[in-house]
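# Fold and contact review
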Amino acid sequence: MVDVLLEPVAAGQTRFRMPGLAPDARGIAVGRETLIVLPSLDRLVGFLGAYSQECSLDELLPTMTLERGRRVDGGHALLVRCGGGDSYALDRLARLVLAVRGQLYTGSGSTFVRVRERAAPFGYDLVAAVQAGSDDVVAVEVDYAARYRSVERLDPVELIQRLSLRPIPLPLTGIAEDPELCGLAEIALVLVAPGISERVLSYLWNAQVNMAGVRVALEGERRASLLLRLRQAPGTILDVLHGIPGVELLAPVSERAAVELGYVHPIHLASASSCLPGDEMYLFRGRVGRVERLEGAPRFLDGRFLVKSEIAGRVTSPGDTRIGQMEPLKVNLRLRPSTALREPRGALVPWEQAEMLRRMIYTIPPTALSAARLVAMQTGLLVLTGSSLGGLGTGVGAGALIPLGSRLCEVAPGVLVPDGYELWPRVRPGLIRELLALDSSDHALFTGPDLPPIRLKPEHLIPLDTAMTGHLSLLEGGELIQDALPGLGSAQIDNTRLGRFALWGFGGTLEDGRG
């Protein structure tokens, strides 16, 4: 049979066989120290990274020791020791250690027992004393004891500083999609190589970016590099800088540490300030795999003192730029045939088809009919069913439903041309209205290539339903209402003394009265 080395602690138990074990305020047996056994270095990094996300490593590192141990029965492990005495802290450590497939023990000196679990809610105690050597660490489980011998002692702070950065993906559409997700919404640090620092400064100065900078000497480089600090830089500017060779974007993760964009440190450095001793500034560079240490906090200078400008002395006046000299360069705005497809905004119906238009009013939907406008012109009836100006709809209107006349399309807000034509040259829509001297509510209509445009003011536009609908005649009310209604007489009230049986023969009386 397997020998049992541990026994569950009973509720209220105060005496234990294992030295250094004592109950806390909840009655759980805890020791003065905590032992974490991890199978490999990557498990240790995973544990420290998870712990730094939930708690501060500054609370764990002062009492933490790290050793590389060799198991007597064969195998290696990393032994992490830290202070104990609190069952709440042990529960948190047990959850994190279990997630990285490690083992957690409590005790003191060289002997440790398994922490509490569901089978032993108050912890474990030794069944019998366990002998441990002077250099051995014994981790006792329920049915076996693992003996470890220390081989090498490691510095956890130096280990954290030497960890390699992990690459992470950036947004598919660039930094401009979400600068806050990349950690550059408020402050961005930019490390620029010496050869292109002047060009980058000129670019940022012309883009009016709030910046400050300082020259820093990096280890192994003869010329000083430029370290810039950008405040609330636009995402488009950051995208441009990120794509320039020799330019590295760094996101601040703490007051004295910054990590290159596109990489992340395995440890949450904001909760591990003790891992960065002294007053140095640490720059973690992912592409080159280096950690730059700057002596003291950088003292940034305003960007206006860094920019070198020599163009002011070469600026000359353009001379006489009167608009009259531009007359030989001007061209006329005219109509020309086009194959571009546009949505119809109206129709010009000749007077010969006015009767057919009147009959087709019944087929137009109410929404299109209420939005349409009518203008009576010499060449015909203009039915305007859509415009970019306010007051008219932009959906499918009566002009698209009436197969009469010639259709009109819109080439600028409120500017209509026949379907199959366009204005040449293709100037911007706002300039077309400016050249036609149109007010905010005016429309312009081009009826042909060689005909001048027609100005349509708001008072010229009449609702189509009002213009095409006739008046109705109503009969006077006196011809329908009679003076007296037949069958209605004056009401009478009959008071009759009731006997002892008031309802006796009530039904027969009603029937007699009806008869």
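Reference entry: report on the structure contained in this document. In this text, all values refer to a predicted model and were calculated from it rather than measured experimentally. (Residues numbered from 1 in each chain as written. Predicted model: local features only at pLDDT ≥ 70, side-chain atom pairs only at ≥ 80, totals over all residues. Heavy atoms only, no water.)

### Structural notes on the nonpolar core
Quick note on the threshold: For this analysis, a nonpolar core means a set of buried residues of the types Ala, Val, Leu, Ile, Met, Phe, Trp, Tyr and Cys, connected via side-chain atoms within 4.5 Å. Throughout this description, buried means an accessible area under 20% of the type-specific maximum (1.4 Å probe, protein chains only), exposed means over 50%, and partly exposed covers the range between. Labels follow the DSSP assignment, with helices taken as runs of H or I lasting at least four residues and strands as runs of E lasting at least two, numbered in each case from the N terminus. Start and end positions for the domains come from either an automated domain assignment or a database one. Here, two residues are considered to be in contact whenever any of their heavy atoms come within 4.5 Å of each other.
Within the largest apolar cluster, 39 residues are counted, with the highest numbers of intra-cluster contacts made by Leu 44, Phe 47, Leu 48, Tyr 51, Leu 57, Ile 267 and Phe 284. With five residues, the top contributor of residues to this core is helix 1 (residues 41–54). The residues that make up this core include at least three from each of domain 1 (6–155) and domain 2 (178–305). Leave out the neighbours within four places in its chain, and Ile 267 touches Val 45, Leu 48, Gly 49, Ser 52, Leu 57, Ile 160, Leu 163 and Ala 272. Among the nonpolar cores identified, the runner-up in size contains 24 residues, and Ile 175, Val 190, Leu 228 and Leu 230 belong to it.

### Focus on the layout of surface pockets
To locate leftover empty space, one rolls a probe as large as a water molecule over the atoms. Selection criterion: Any residue with an atom within 4 Å of a point lines the site, the site being either a cavity, points on a 1 Å grid over the protein atoms alone where a 1.4 Å probe fits but cannot get out, or a pocket, an open set with protein on both sides within 12 Å along at least 5 of 7 lines. Grid points are joined across faces, edges and corners, and a volume is the space filled by probe spheres set on the points. Nonpolar residues are Ala, Val, Leu, Ile, Met, Phe, Trp, Tyr, Cys and Pro. Charged residues are Asp, Glu, Lys and Arg, and all others, Gly as well, are polar.
Of the pockets and cavities examined, the largest pocket occupies roughly 420 Å³. Around the largest pocket, the lining is made up of 26 residues, and of these Ile 168, Val 253, Tyr 263, Val 264 and His 265 lie nearest the centre. Sorting the residues of the lining of the largest pocket by element identifies helix 1, strand 16 (247–254), strand 17 (257–260) and strand 18 (263–264) as the ones contributing at least two each. A class-by-class count of the residues in the lining of the largest pocket yields 17 nonpolar, seven polar and two charged. The residue makeup of the lining of the largest pocket includes at least three contributed by each of domain 1 (6–155) and domain 2 (178–305).

### As for the sheet that holds strand 10 (residues 136–140)
For clarity, the cut-off: Two strands are said to pair when DSSP picks up at least two bridges between them. Lines fitted to C-alpha atoms define the axes here, with helix axes fitted over just the stretch in contact, and angles between the N-to-C directions of these axes take values from 0 to 180 degrees.
Read once around its circumference, the closed barrel built from seven strands follows the order 4-6-5-11-10-8-7, with strand pairing classed as mixed. When strand polarity is set aside, the average angle formed by the axes of neighbouring strands in this sheet is 35°. Two elements, strand 5 (residues 65–71) and strand 11 (residues 145–154), share six bridges in a ladder whose sense is antiparallel. Counted as the bridge partner of Arg 71 is Tyr 148 from strand 11. Here helix 1 sits on the sheet in contact with strand 4 (33–38), strand 5 and strand 6 (76–83), set at roughly 130° to strand 4. In the packing of helix 3 (residues 87–99) onto the sheet, contacts are made with strand 4, strand 6 and strand 7 (103–108), and the angle to strand 7 comes to roughly 145°.

### As for helix 5 (residues 197–206)
Definition in use: Of all possible arcs, the one meant is that of the directions from the helix axis to the C-beta atoms.
Of the positions making up helix 5, those classed as buried are Ser 197, Val 200, Leu 201 and Leu 204. On an axial view of helix 5, the arc spanned by its buried residues comes to 100°, and they lie on one face. With respect to the buried face of helix 5, the exposed residues turned more than 90 degrees away are Arg 199 and Asn 206. Check the buried side of helix 5 and you find it contacts strand 13 (187–192), strand 14 (211–216), strand 15 (225–231), helix 6 (235–242) and strand 16. Once helix 5 finishes, Gln 208 follows within two positions and takes phi at roughly 60°, a positive value.

### Notes on the packing of aromatic side chains
Let me state the cut-off plainly: In this scheme Phe, Tyr and Trp rings, the latter by its six-membered ring, pair at centre separations within 6.5 Å, and the angle between planes marks the pair as stacked below 30 degrees, edge-to-face above 60, and tilted otherwise. Both a distance and an angle decide whether a charge sits over a ring: NZ of Lys or CZ of Arg must be within 6 Å of the ring centre and within 35 degrees of the ring normal.
What the rule picks out here adds up to one aromatic pair. Measuring from ring centre to ring centre gives 6.1 Å for Phe 47 and Tyr 51, while their planes differ by 45°; the resulting arrangement is tilted. Here Phe 47 and its partner Tyr 51 are both found in helix 1, four residues apart, which amounts to about one turn of the helix. Sitting above the plane of the Tyr 88 ring, Arg 26 keeps its charged end 4.0 Å from the centroid. A cation sits over an aromatic face here: Arg 336 above Trp 424, 3.5 Å from the ring centre.

### Regarding unusual backbone geometry
Cis rather than trans, the peptide bond between Trp 424 and Pro 425 has omega equal to 5°. We note that Gln 208 has phi near 60°; this positive angle belongs to a residue other than glycine. Here Gln 208 shows up in the loop between helix 5 and strand 14. One non-glycine residue with positive phi stands out, namely Gln 232, at about 50°. With respect to the element layout, Gln 232 can be found in the loop between strand 15 and helix 6.

### Some details on the side chain of Asp 24
Worth spelling out the cut-off: Two residue types count as positive, namely Lys and Arg, and two as negative, namely Asp and Glu; His and chain ends fall outside the count. Salt bridges are defined by distance alone: a side-chain nitrogen of Lys or Arg within 4 Å of a carboxyl oxygen of Asp or Glu. Distance and chemistry together define a polar contact, namely a pair of N or O atoms within 3.5 Å, with one atom able to donate a hydrogen and the other to accept it when in protein, and with adjacent residues in sequence counting only for side-chain atoms on both sides.
Here Asp 24 lies in the loop between strand 2 (22–23) and strand 3 (29–30). Although buried, Asp 24 forms no salt bridge, and the nearest oppositely charged side chain, Arg 26, lies 4.4 Å from it. Side-chain polar atoms of Asp 24 contact the backbone nitrogen of Ile 28, separated by 2.8 Å. A polar contact of 2.5 Å, which involves the side chain of Asp 24, links it to the side chain of Ser 87. Apart from residues no more than four positions distant in its own chain, Asp 24 is found in contact with Val 30 and Ser 87.

### Comments concerning the packing of helix 1 against helix 3
Spelled out, the test is: Note that the term roughly parallel is reserved for angles under 35 degrees, roughly antiparallel for angles over 145, roughly perpendicular for angles of 65 to 115, and oblique for everything else. Whether a crossing is left-handed or right-handed is set by the direction in which the near helix is turned from the far one by less than a right angle, anticlockwise for left-handed and clockwise for right-handed.
Where helix 1 contacts helix 3, the two axes come as close as 9 Å, and the packing angle between them is 135°. Regarding the angle of helix 1 to helix 3, the classification is oblique. Seen along the crossing, helix 1 lies across helix 3 with a hand that is right-handed. Contacts between helix 1 and helix 3 involve Phe 47, Ala 50, Tyr 51 and Glu 54 on the former and, on the latter, Arg 92, Leu 93, Arg 95, Leu 96 and Val 97. Taken together, the residues that form the contact of helix 1 with helix 3 break down as six nonpolar, no polar and three charged.

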